[in-house]
Every structure is written in C-alpha cells, then in structure tokens.
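Spelled out from the first residue to the last, the chains are:
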Amino acid sequence: MTPRTRVALVTGASRGLGASIATALAAEGAAVAVNYARDTASAAAVVAGIEAAGGRAAAFRADVTDPAEVARLHREVVAELGEVDVLVANATGPQPEIGVESLTVDDLLTQLRFFAVSPLLLTQQVLPAMRRRRWGRIVQIGSEAFELGTPGSSAYVAAKGAQLGLTRSWARELGGTGITVNLVAPGFIPTERHTDVPDTDRDRYARGVPLGRLGTAGDVAAAVAYLASDRAGYLTGQRIAVNGGNTL
Ligand SMILES: NC(=O)c1ccc[n+]([C@@H]2O[C@H](COP(=O)([O-])OP(=O)(O)OC[C@H]3O[C@@H](n4cnc5c(N)ncnc54)[C@H](O)[C@@H]3O)[C@@H](O)[C@H]2O)c1
C-alpha cells in the first residue's frame with residue numbers, strides 16, 4: 001500500500017519565509033496549504049512554483065488571528081487536501097517600532113493575536129486528527145528578538161516569548177502522542193518587507209553574526225523541513241535558532 005501523502009498547512013506563506021517553507025515542505029513530498037491574508041496573486045505564484053516543480057499545493061485565504069476564519073480555513077484545507085499532519089505557524093502582520101511610553105494595550109494585543117492566539121486556534125483545529133493518527137508536527141516560527149530583547153519591539157518580543165512558552169508546554173502535554181512541538185527562531189533574514197533596510201544595516205548585522213553572513217529564507221525552510229520530517233521524531237519542545245550563531 002502506498003503511504004498517504006502528508007498534508008502541511010503553512011500560515012502566511014504567500015511571501016517571505018512562509019513561501020520558502022511551503023516550497024521546501026512540498027519538495028519533501030507534502031501536499032501544502034498555502035495560507036495568506038490578502039495577496040492572492042503572490043499566493044497563486046507560490047502554488048504555481050510548487051506545481052511547476054512537480055509538487056501539490058493550494059492557496060487558502062484566511063485571517064489566522066480570527067477564530068471563525070481559522071475554523072473555516074481548517075475545513076477548507078481538510079476538504080481539498082486532507083487532514084493536516086504538519087502545522088507551521090508563521091504568519092505575521094506589521095511589526096511597528098514603538099517605544100514603551102507610546103505602546104498601547106492594543107499594540108501589545110495585536111502581536112499576541114499573531115503569535116499566541118493564532119497558534120492556539122490553529123493547534124486546536126489540527127490536534128484531533130494528529131492524535132487519531134498518533135503522528136503530528138507543530139512548528140512555530142519564533143524570533144531571535146526574544147533572546148535579544150530588541151528595543152522598540154517589546155510587544156513583538158513579548159508575543160514571541162509567549163509563543164515559545166506555548167511550544168514548551170504543548171511539547172510536554174503532547175509527549176507520548178506522536179506529536180512534536182518545536183520552534184524555529186530566525187535571525188534577521190531579509191525578505192520582501194525589508195526592502196527599505198539599508199545595505200549598511202544589513203552589513204553591520206552580518207558582521208556581528210559568528211557565521212559572518214545574512215541568513216536566507218532557505219536556511220529557515222531547511223530547519224522547518226527537518227523538524228516536520230520523520231527524522232526529527234525524538235526532538236520536541238526545542239527552540240532551534242537559525243541565525244548563524246547570533247544568540248549563542
Ligand atoms: N524575516 C525575518 O527577518 C524574521 C526574523 C525573525 C522572525 N521572523 C518571523 O518569521 C515569520 C515570517 O516573517 P516574514 O519576514 O517572512 O514575514 P512577511 O511579512 O514576509 O510575510 C508575512 C505573511 O503573513 C501573511 N499574513 C499577514 N497577516 C495575516 C493574517 N492575519 N492571516 C494570515 N496570514 C497573514 C502575509 O500574507 C504573508 O504571507 C514571522 O513569524 C516573523 O516574526 C522573521
């Protein structure tokens with residue numbers, strides 16, 4: 001009997017790290033749900049790229065911070081691709097720099113919606129099938145900012161800390177179910193949203209990194225693909241920093 005194709009749901013996969021993660025998981029043989037918020041054409045391009053390489057993918061528009069939208073997203077993914085085996089909680093909204101005096105409660109809650117509420121909503125949708133199958137992979141995309149305490153980003157940093165806390169507790173709770181929960185913490189990886197970051201800033205960051213270069217979306221995707229695979233079956237509750245050693 002041929003083994004069933006695994007299904008991966010990657011949130012925020014129309015561009016940036018998510019697009020690369022979706023492409024890498026498809027290359028490993030998964031059917032990939034490419035979730036996105038608004039950029040339908042970009043999501044379609046990611047799907048087309050996967051299909052051109054011989055993989056299987058479909059795009060799903062949904063706001064992953066909204067409970068009803070997450071439930072609808074899950075229903076649509078299951079109907080089109082099948083039950084989800086691999087969840088990658090990657091989506092992010094804007095990450096404005098705001099000093100502590102100006103930071104509002106809403107600013108803080110917005111970041112928590114992306115990095116704590118959304119992973120919870122998504123995980124609750126995919127868990128029943130993962131438990132039934134006694135196999136599942138939940139990979140959260142955190143950030144080195146939590147270790148660095150990046151100034152002007154306290155809401156983002158706090159929410160990324162919350163995401164790491166969820167990862168660790170869920171890893172223990174789900175130990176013995178065949179489901180692993182890990183977090184990949186990228187360093188500064190220039191993506192589409194960083195086009196206005198000057199070369200001088202990129203160079204300064206790269207010089208401070210032990211490996212002496214900027215990372216790529218592919219570096220992050222390779223770590224996620226590993227954690228999502230059978231090869232990582234004895235690894236849970238971990239934070240894997242993909243940042244050239246910047247926080248060692
Ligand atoms: N790129 C970096 O330097 C870096 C560094 C550390 C951590 N990260 C983390 O990596 C992840 C991806 O970052 P990126 O730089 O690739 O971001 P990005 O801005 O390039 O992409 C964001 C994606 O999220 C989607 N999105 C936005 N709001 C959404 C919503 N409400 N519902 C569903 N999808 C939504 C967008 O459509 C897009 O596909 C984030 O969790 C981010 O915090 C990135």
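Not measured: the values here are computed from a predicted model.

### Digging into the pairing of strand E4 (residues 86–89)
Line of reasoning, step 1. Of the two faces of E4, the one lined by Val86 and Val88 and the one lined by Leu87 and Ala89 are each fully buried.
Line of reasoning, step 2. Bridge count between strand E1 (residues 7–10) and E4: three bridges; the pairing is parallel. Following the sheet pairing, Leu9 is matched in E4 by Leu87.
Line of reasoning, step 3. Alignment of E4 against strand E5 (residues 136–141), held across four bridges, turns out to be parallel. Bridging across to E5, Ala89 finds its partner in Gln140.

### Focus on unusual backbone geometry
Line of reasoning, step 1. Unusually for a residue other than glycine, Arg134 sits at a positive phi of about 55 degrees.
Line of reasoning, step 2. Mapped onto the elements of the fold, Arg134 is located in the loop between helix H4 (105–133) and E5.

### Quick word on empty space enclosed by the protein
Gaps left between atoms show up when a probe the size of a water molecule is rolled over them.
Line of reasoning, step 1. With the rule as written, the count across this model stands at three cavities of 30 Å³ or more.
Line of reasoning, step 2. Put simply, the largest cavity is a space of about 60 Å³.
Line of reasoning, step 3. If you go around the largest cavity, the residues you meet are Gln95, Pro96, Ile98, Leu103, Asp107, Gln111, Gly152, Ser153, Ser154, Ala155 and Tyr156.
Line of reasoning, step 4. When contributions to the lining of the largest cavity are tallied by element, the ones reaching two or more residues are H4 and helix H6 (154–173).
Line of reasoning, step 5. The leading source of residues in the lining of the largest cavity is H6, at three residues.
Line of reasoning, step 6. When its residues are assigned to classes, the lining of the largest cavity shows five nonpolar, five polar and one charged.
Line of reasoning, step 7. Space inside the second largest cavity adds up to approximately 40 Å³.
Line of reasoning, step 8. Along the walls of the second largest cavity sit Thr11, Val64, Ala89, Asn90, Ala91, Phe114, Phe115, Ser118, Pro119, Ile141, Lys160 and Gln163, which together make up its complete lining.

### Concerning the pairing of strand E2 (residues 31–36)
Line of reasoning, step 1. Taken across its six residues, E2 has six buried, putting it largely inside the fold.
Line of reasoning, step 2. Side chains Ala31, Ala33 and Asn35 of E2 all project onto a buried face; the interleaved residues Val32, Val34 and Tyr36 project onto the opposite face, where all are buried too.
Line of reasoning, step 3. With helix H1 (residues 16–27) bridging E1 and the parallel E2, this β-α-β connection has right-handed handedness.
Line of reasoning, step 4. Bridging between E2 and strand E3 (residues 56–61) involves six bridges; their strand directions are parallel. Bridge pairing in E3 places Val32 opposite Ala57.

### Quick look at the site of the ligand
Line of reasoning, step 1. As a structural note, the neighbourhood of the ligand is formed by 31 residues, with Ser14, Arg15, Leu17, Tyr156 and Ile189 the closest of them.
Line of reasoning, step 2. Here an oxygen atom of the ligand sits 2.7 Å away from a polar atom, N or O, in the side chain of Arg15.
Line of reasoning, step 3. For the ligand, a nitrogen atom lies 3.0 Å from a polar atom in the backbone of Val64.
Line of reasoning, step 4. In the complex, the protein chains occlude 94% of the 840 Å² of accessible area that the ligand would expose alone.
Line of reasoning, step 5. Cavity membership is defined here by more than half of the atoms lying within 2 Å of grid points; on that basis the ligand lies in the largest pocket.
Line of reasoning, step 6. Elements that contribute at least two residues to the shell around the ligand include exactly H1, E2, H4 and H6.

### Some words on the sheet that holds E3
Backbone hydrogen bonds are what pair the strands of a sheet, in a parallel or an antiparallel way.
Line of reasoning, step 1. Strand order in the open sheet made by the seven strands is E3-E2-E1-E4-E5-E6-E7, with parallel pairing throughout. Pairing within the sheet leaves two strands with one partner each, and these edge strands are E3 and strand E7 (239–242). Here the average twist between neighbouring strands, direction ignored, is 20 degrees.
Line of reasoning, step 2. Strands in contact with helix H3 (residues 67–80) are E1, E2 and E3; relative to E3, the strand with the most contacts, it is inclined by about 155 degrees.
Line of reasoning, step 3. With respect to the sheet, H6 is in contact with E4, E5, strand E6 (179–186) and E7, its orientation differing from that of E6 by roughly 155 degrees.

Parameters and conventions
Residues numbered from 1 in each chain as written. Predicted model: local features only at pLDDT ≥ 70, side-chain atom pairs only at ≥ 80, totals over all residues. Heavy atoms only, no water. Buried < 20%, exposed > 50% of the residue type's maximum accessible area, 1.4 Å probe, protein only. Helix = DSSP H or I, 4+ residues; strand = E, 2+ residues; numbered from the N terminus. Pairing = 2+ DSSP bridges. 1 Å grid on protein atoms, 1.4 Å probe; cavity = no way out; pocket = protein on both sides within 12 Å on 5 of 7 lines; lining within 4 Å. Points joined across faces, edges and corners; volume = space filled by probe spheres on them. Nonpolar A, V, L, I, M, F, W, Y, C, P; charged D, E, K, R; others polar. Right-handed = clockwise from strand over helix to strand, strands pointing away. Near = heavy atom within 4 Å. Polar contact = N/O pair within 3.5 Å; in protein donor to acceptor, adjacent residues only side chain to side chain. Areas by Shrake-Rupley, 256 points an atom, 1.4 Å probe, with all protein chains shown as cover. Sits in = over half its atoms within 2 Å of the grid points. Axes fitted to C-alpha atoms, helices over the stretch in contact; angles between N-to-C directions. Contact = heavy atoms within 4.5 Å.

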